[in-house]
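Structural overview
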Amino acid sequence: MGTLVMKFGGLSVGTPTALTQVLSIILHEREKWDKLLVVVSALEGVTDSLIEATRLAQITNRRGYRRIVATLRTRHLALIDHLPLGTTERKALQADVDRLLFDMLDRLQTIADNPTDELSPQVLDSVTGVGERLAARIVAALIRQNTVRAVAIATDTLVVTDDTFGNAVPDMAASCEQITHNLLPMLERRIVPVITGYIGATPDGQLTTLGRGGSDYTATIIGICAGADEVWLWTDVDGMMTTDPRDFENARAIPTMSYEEVGEMAYFGARVLHPRMVGPLQDARIPLRIKNVFKPQQPGTLISETN
Ligand code: ADP
Ligand code: ASP
Ligand code: MG
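Residues numbered from 1 in each chain as written. Chains lettered and ligands numbered in written order. Predicted model: local features only at pLDDT ≥ 70, side-chain atom pairs only at ≥ 80, totals over all residues. Heavy atoms only, no water.

Describing the packing of aromatic side chains
The final tally for this structure, using the stated rule, is 3 aromatic pairs. Note that lysine 291 overlies the ring of tryptophan 232, its terminal NZ or CZ placed 5.6 Å from the centroid. (Phe/Tyr/Trp six-rings, centres within 6.5 Å; stacked < 30°, edge-to-face > 60°. Lys NZ or Arg CZ within 6 Å of the ring centre and 35° of its normal.)

Now the structure itself:
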């Protein structure tokens, strides 16, 4: 039944319980769709920690950034320890985490060795995407454990952007070309790609990010280039709500909305959606759903042009 892109936010990949939900959702939807693509964010709070570590490196606070990297390592390894993985998969994943964090530590050391007055968005982008790389590997390993083929894919080779570091604008034609050649053939072989949100790169290979909350935007880019029939965002609330449920207990989920309505809410700061993700989906007429990872049977919010 067509092509589905599902994006899982930081709150859905942060704990073993949430990851169990993610896994069962992926296995369930894989049976229903011909082609399934998964986009993941970093674990909740990881991007903030990475930004903090980079700031500390820039002011040569070596003890500070090393402590953050050590905490990130412990957190990811503890999560892996609690997942139902075989010994080989677990060991490979632990080695992946160590390698990614070791490379990042190296990068932070270079930043600390070359102190500047200000922390540039370019330097930040060279570090902060590592959270998504870690999460993608964890989710891909978990899927593979269930005898479904899955591969973690980093989008620095797929999402081509300009050099507005920290809030980069994708070049859709160039990105779709990369995605068509390097990602879509996997779908024919029934492989589930687990794609990093948030990360892109300039044509000459400098790492960029799509702005805070940018994994939503990655889901849009992948959805358009893959010719998806629907894009679903899985988060920790029941859908697009009348107000932020963290502030108002009586917030209600809105069952259906138009692209314009939801675009306005995102534009005026409802954190649940990246403001730039809606317009391109509207142009491509791809329906968007927002669903609660802890209550997958609930319909959530459907955003389409007919509402
Ligand atoms: P994710 O990690 O899944 O991307 P985010 O934290 O980016 O999650 O977005 C989900 C959060 O957005 C919810 O936990 C909720 O507190 C907040 N939020 C703010 N405004 C709204 C709204 N109108 N409807 C739903 N959630 C909202
Ligand atoms: N991890 C990134 C952030 O915290 C991107 C995202 O969550 O969508 O902003
Ligand atoms: Mg978000």
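Focus: the pairing of strand β4 (residues 192–196)
A large share of β4 lies buried, amounting to 5 of its 5 residues. Alternating positions in β4 separate into two faces, Val192, Val194 and Thr196 on one and Pro193 and Ile195 on the other, with burial throughout. Two strands pair when backbone bridges link them, and strand β3 (residues 150–153) and β4 are joined in this way by 4 bridges, in the parallel orientation. In the strand pairing of β4, alanine 152 is matched with valine 194. (Buried < 20%, exposed > 50% of the residue type's maximum accessible area, 1.4 Å probe, protein only. Helix = DSSP H or I, 4+ residues; strand = E, 2+ residues; numbered from the N terminus. Pairing = 2+ DSSP bridges.)

Quick word on the nonpolar core
Judged by nonpolar contacts, the single largest core of 55 residues is most densely connected at Met6, Phe8, Ile26, Val40, Leu108 and Ile143. Ranked by residues supplied to this core, first place goes to helix α6 (residues 130–144) with 10 residues. Once residues lying within four places of it in the same chain are set aside, the contact partners of phenylalanine 8 are Val13, Val22, Ile25, Ile26, Val38, Val39, Val40, Ser41, Trp234 and Val293. Residues Leu37, Ile191, Met257 and Val278 belong to the second largest nonpolar core, which totals 38 residues. (Core = buried A, V, L, I, M, F, W, Y, C linked by side-chain atoms within 4.5 Å. Contact = heavy atoms within 4.5 Å.)

Digging into the site of ligand 1
Near ligand 1 lie 19 residues; those nearest to it are Thr235, Asp236, Met241, Asp244 and Arg246. One nitrogen or oxygen atom from the side chain of arginine 246 is found 2.7 Å from an oxygen atom belonging to ligand 1. In a pocket analysis with a 2 Å cut-off to the grid points, ligand 1 is assigned to the largest pocket. Across the shell around ligand 1, the residue classes break down as 9 nonpolar, 5 polar and 5 charged. (Near = heavy atom within 4 Å. Polar contact = N/O pair within 3.5 Å; in protein donor to acceptor, adjacent residues only side chain to side chain. 1 Å grid on protein atoms, 1.4 Å probe; cavity = no way out; pocket = protein on both sides within 12 Å on 5 of 7 lines; lining within 4 Å. Sits in = over half its atoms within 2 Å of the grid points. Nonpolar A, V, L, I, M, F, W, Y, C, P; charged D, E, K, R; others polar.)

Overview of the site of ligand 2
Every residue close to ligand 2 is listed here: Ser41, Ala42, Thr47, Glu132, Tyr198, Arg212, Gly213, Gly214 and Ser215. Here an oxygen atom of ligand 2 and a side-chain polar atom of serine 41 are 3.5 Å apart. The contact in question runs from an oxygen atom of ligand 2 to an N or O atom on the backbone of glycine 213, over 2.8 Å. A breakdown of the residues in the shell around ligand 2 according to their chemical character gives 2 nonpolar, 5 polar and 2 charged.

So far we have only geometry, and geometry alone does not tell us how the molecule works.
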